[in-house]
Amino acid sequence: MKKRMFAMAGVVFLAGCNMTNGDQQEQELSDLTWDEITAEAEGDTVRLYMWGGDEGINRYIDDYAIPALKEAYDVTLERIPLDTNEIIQKLETEKRAGQDDGTIDIIWMNGENFKRAKENELLYGPITDQLPAFEEFYDTESLDFAYDFGTETEGYEAPWGKVQFVFHYDSSKIDEPPSNLEELSAWIQENPGRFTYPAADDFTGNAFLRHILYGTASSVDTLLEEPFSEEFAAGESAGMWVYLNEIESNLWRGGETYPGTLEELDRLYSQGEVWMTMGYNEARAESLVADGIFPDTTKAFVLEDPGSIGNTHFLSIPYNSPSKEAALTAINFFLTPEAQLAKLDPQYWGENTPIDPSKLDGDNLAGFEELDRGATVLSQEALLESFVPEVDAAYVPWIEDEWINEVVSD
Amino acid sequence: MKKWIFYGSAFLLFFIPAILLIVKSFTPVWRWGEPFTFDWTLRGWETFLMDARIFDAMAISLVIALVVTFLNLFTGIPAGKALSHSEFRGKSALEVLLVLPLFLPAMAAAVGLHITMIRLGLANNWLGVAIVHLVPTIPYTIKVMKSGYDRLNPDMLQQGKMLGAGGWHVFRTIELPMLMPSIRSAVFLTVTISMSQYVLTAIIGGGNVITLPIIYYPFLQSVDDTVMAAFSVAFAILPVLAVLFVELVATVLTGRFSISKRGAL
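Everything numeric in this text was worked out from a predicted model, so none of it was measured.

Observations concerning the overall build of chain B
Item 1. Helix and strand counts for chain B stand at twelve helices and zero strands.
Item 2. Shown N-terminal to C-terminal, the secondary structure of chain B runs as helices and strands in the order α-α-α-α-α-α-α-α-α-α-α-α.
Item 3. With respect to the principal axes defined by its C-alpha atoms, chain B has extents near 70 × 60 × 30 Å.
Item 4. For chain B, with 265 residues in total, the buried portion stands at 35%.
Item 5. Within chain B, contacts between residues separated by at least 24 positions form 80% of all contacts whose residues are at least 6 apart in sequence.

Brief notes about the packing of helix α5 (residues 84–96) of chain A against helix α6 (residues 111–119) of chain A
All names here are of chain A.
Item 1. Put simply, α5 and α6 touch, their axes get as near as 10 Å, and they point 5° apart. One way to sum up the angle between α5 and α6 is to call them roughly parallel. On α6, the residues that touch Thr84, Ile88 and Leu91 of α5 are Asn113, Arg116 and Ala117.
Item 2. Its residues assigned to classes, the contact of α5 with α6 shows three nonpolar, two polar and one charged.

Quick notes on the interface of chain B and chain A
Where interface size is given, it is often the accessible area lost as the parts come together that is meant.
Item 1. Across the contact, 28 residues belong to chain B and 28 residues belong to chain A.
Item 2. Counting only elements with at least two residues in the side of chain B that touches chain A, the list comes to α2 (43–50), α5 (106–120), α10 (199–205) and α11 (212–216) of chain B.
Item 3. Among the elements that line the side of chain B that touches chain A, the one with the most residues is α5 of chain B, at five residues.
Item 4. Across the side of chain B that touches chain A, the residue classes tally to 15 nonpolar, eight polar and five charged.

A short note on the environment of Arg210 of chain A
Residue and element names in this part refer to chain A.
Item 1. With respect to the element layout, Arg210 can be found in helix α10 (residues 203–216).
Item 2. Put simply, Arg210 and Leu268 are 58 residues apart on the chain and 22 Å apart in space, counted from C-alpha to C-alpha.
Item 3. Non-local contacts of Arg210, meaning those with residues more than four positions away in its chain, are made with Ile309, Val391, Tyr395 and Ile399.

Focus on the nonpolar core
One recurring pattern in soluble globular proteins is that nonpolar side chains are buried together.
Item 1. Ranked by internal contacts, the top residues of the largest apolar core, which has 108 residues, are Tyr49, Ile106, Ala158, Ala330 and Ile331 of chain A together with Ile204 of chain B.
Item 2. The biggest single contributor to this core is helix α3 (residues 54–85) of chain B, with eleven residues.
Item 3. Beyond its immediate sequence surroundings of up to four residues, Ala330 of chain A is in contact with Val46, Leu69, Val75, Leu77 and Ile106 of chain A.
Item 4. Among the nonpolar cores identified, the runner-up in size contains 54 residues, and Leu181, Phe195 and Leu244 of chain A together with Val223 of chain B belong to it.

What counts, and where the lines are drawn
Residues numbered from 1 in each chain as written. Chains lettered and ligands numbered in written order. Predicted model: local features only at pLDDT ≥ 70, side-chain atom pairs only at ≥ 80, totals over all residues. Helix = DSSP H or I, 4+ residues; strand = E, 2+ residues; numbered from the N terminus. Buried ≥ 20, exposed ≤ 12 C-beta atoms within 10 Å, placed from the backbone. Contact = placed C-beta atoms within 7 Å. Axes fitted to C-alpha atoms, helices over the stretch in contact; angles between N-to-C directions. Parallel < 35°, antiparallel > 145°, perpendicular 65-115°, else oblique. Nonpolar A, V, L, I, M, F, W, Y, C, P; charged D, E, K, R; others polar. Core = buried A, V, L, I, M, F, W, Y, C linked by C-beta atoms within 7 Å.

Here's what the structure looks like:
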């Protein structure tokens, strides 16, 4: 009798564990067919948490995605504007407090934030193998989706968009933009005070420095393959500091100060103080020109050597999402060619798609090929040709610290 | 003469920037050296109105700020009085302790309080947000109210009591009217601070409580001065509304009696 009681207690205990881990529900959800999932999702509300500081992106969600999702699946999408850092922070605390019914259904993120979320087991998944649109229209084997800034995704996030780093310049002042680091350096010498870059702790400034690192390291391939270590990074970066110190005296204000953020650099460019700006999104100048903030003569260029760093950004479901079926339905919708084509349209977001064009049929493909992304956006060929992937995320804080020592302090 | 200096500097330092901000919200970007052409645009305000939740957000910001203000005065006035009018052991240590929350990084406070709020069931709830807004506001209110009471001679309160007035009567008719300048500054500080909280609201409100800063702050990360100006103008109206409301409540509370008395002083 006593033995049986023990066994019973054990079973109850195990069941309890299962419940708190949410395994039981996950088990059930992954057993469902896609039709059952969308049927479950009907009438539900999905809360998409995402950074809210871009009018075009907000409009894409509010004016396009919300009505389209309601119409197709009877799922109500709500867009909650919140910085990604705060979203992850909130989930971490909820996890610690054992709150299993959260408020977030979908998060938009990549890189450092994903690494943090995955390491702390804040995500539900894997999800990508449950998304028919991912299986049908995406290159599921692609390394772009398998790794996110060096972190293995393992299906915990589904690719939503793709961006590449480009420079923008005022073509009324510059005839021929530079195409490699030597030409850039020469141009800076000839036009003192007309170029600068955001400080290394800015997202864009750090990405610019990684381009210099790519161009001055012994080889881009070893940089990408070799795991990060301080010794290796120090050896590879020697050329980068020489380059940066060489151009420094001819930067804006003689390199005595750097714009703290990309916004400050954009403001300098908008005022005509500097003649180039840059950014981690090949289409971002389109709306700035349309709104009269950037001059009409703004054009884009990439450095053919070392290339243009690009990355993919993703959608994930938190472990405590109250409506995972509806979240899957919404993510699948965002991955479809229709939703991706609308996202590419410059009147909304204007952002590139991670879809594999070879998997599209005639009508869908024609839609993507015919869409005019605008005069400030480089051609798809030029972007693809110069594409280089991101290096290990550990380089980001390392460059940030070393830049202060090597460039600012002397 | 002195008045001239006051009006002159107020005009230069306050009025002109405020007017420029309003003009900016209706005009496109102007480049240095370009002639002044006023191509009026509604784009800034269109972006402001684009998020359908903007008026709800303004309303909830206002409600939270008023609740925070009430809680601040409710605790700050007695605390200020105690620190000013009574002597007890460890008083200066207590004073320092009460200011300490101001030196705590908002993120640290938010994370620690979040767990407590989850346990109390106040996370993702506007009341929880209002309570958390006490962290960066109450230290100021206590400081302000303490210096308010420092200027109020305890003998005056004693006199009221000797004439047979109860505690509430004394508060309503002597303390409140005489503390009004301090209360005004405390209210203005509290409302403004409460309305500019992003991190605390984001973490504790968890996206369920959409206040104006939640919609507005992400737009600060752009070069679009027109949009930023529109948001800033709307943002500046709210504290004014809140202060007017508190002023109204104070007038009702002190009643006619206090006004006639103030006239007699």
